[in-house]
Structure formats: structure tokens, C-alpha cells
Amino acid sequence: MKDGLPAAGRSPGPNASPAGSVRGSLAFLALIALGVLVAAYPLASLAALTGVVALAIFARSLARHVDRETVGRVSLPGLGTVEYRFTRS
């Protein structure tokens, strides 16, 4: 006990950053806003959720069927050729 205050009663000092609490507050507000948006537009929210799930399923299916050693090239008019390779992380 320094200055008569227990450790739990002292302030964290000038070096303590409130960034974690700010991020937590922003995340909480974003969650509340998402809930309000879903309540206001239930059909649009359902359609968006369905689209995200379908996109995730398609991406996973594509990842299973693509040859990992394939190098592809796409020619974009005016931009040149883009080369891509599928790799597993």
C-alpha cells in the first residue's frame, strides 16, 4: 500500500493505453449497429448472408479442385498480362 491506496484502487498511470477498451467499445457498437440493420432489413440481410455462405462454399470447392502447381496467365487489354499461381498456405 503506497499512499494509503491498495493496488486495485490506483490508476494505471500515464503509460497505460486505453486502445483495448476503445476497440472493444467500437466492436460493441458495430455489433449493435449490425443488429439494428438486420432488424430493419431482414430480407436483405438474409440475402447477404446467403450470398456470403454460397461464396465461401464455392471458394472452398474451387480450392479443392485446383491443381496447386498450375500457373495461369490472363491477358488484360491495355494493362498487359497477369500471371497467377495457386498455392497452399
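The preceding data block contains the structure.
A brief report on the enclosed structure follows. (Residues numbered from 1 in each chain as written. Predicted model: local features only at pLDDT ≥ 70, side-chain atom pairs only at ≥ 80, totals over all residues. Heavy atoms only, no water.)

## Quick word on the overall build of the protein
And step 1. Helix and strand content of the protein: two helices and two strands.
And step 2. Overall, the protein shows an N-to-C arrangement of helices and strands of α-α-β-β.
And step 3. Counting only residues that meet the buried cut, the protein has 3% of its 89 residues in that class.
And step 4. If you sum the accessible surface of the protein, you get close to 8000 Å²; carbon and sulfur atoms cover 67% of it. (Helix = DSSP H or I, 4+ residues; strand = E, 2+ residues; numbered from the N terminus. Buried < 20%, exposed > 50% of the residue type's maximum accessible area, 1.4 Å probe, protein only. Areas by Shrake-Rupley, 256 points an atom, 1.4 Å probe, with all protein chains shown as cover.)

## A look at the pairing of strand E2 (residues 80–85)
For a regular strand, side-chain orientation follows a simple rule: the groups alternate between the two sheet faces.
And step 1. Of the pairings in the sheet, the one linking strand E1 (residues 71–76) to E2 comprises six bridges and is antiparallel in character. Residue pairing across strands places Ser 75 opposite Thr 81, the latter belonging to E2.
And step 2. Following E1, the chain reverses through three residues before pairing antiparallel with E2; Gly 78 in that reversal takes a positive phi of roughly 85 degrees. (Pairing = 2+ DSSP bridges.)

## Things to note about the environment of Val 82
And step 1. Relative to the assigned elements, Val 82 resides in strand E2.
And step 2. Discounting chain neighbours no more than four positions away, the residues touching Val 82 are Gly 72, Arg 73, Val 74 and Leu 76. (Contact = heavy atoms within 4.5 Å.)

## Regarding a nonpolar patch on the surface
And step 1. On the surface, a nonpolar cluster with roughly 590 Å² of combined accessible area is contributed by Val 22, Leu 26, Phe 28, Leu 29, Ile 32 and Val 36.
And step 2. With respect to the element layout, Leu 26 can be found in helix H1 (residues 19–40). (Patch = residues over 30% accessible without salt bridge, like charges linked within 9 Å, V, L, I, M, F, W, Y side chains within 5 Å. Salt bridge = Lys/Arg side-chain N within 4 Å of Asp/Glu carboxyl O.)

## With respect to the environment of Val 74
And step 1. The topology assignment puts Val 74 in strand E1.
And step 2. Residues Val 74 and Tyr 84, 10 residues apart in the sequence, show an inter-C-alpha distance of 8.2 Å.
And step 3. With residues near it in sequence (within four places) discarded, Val 74 still touches Gly 80, Thr 81, Val 82 and Tyr 84.

Remember that the coordinates give geometry; whether it matters functionally is a separate question.
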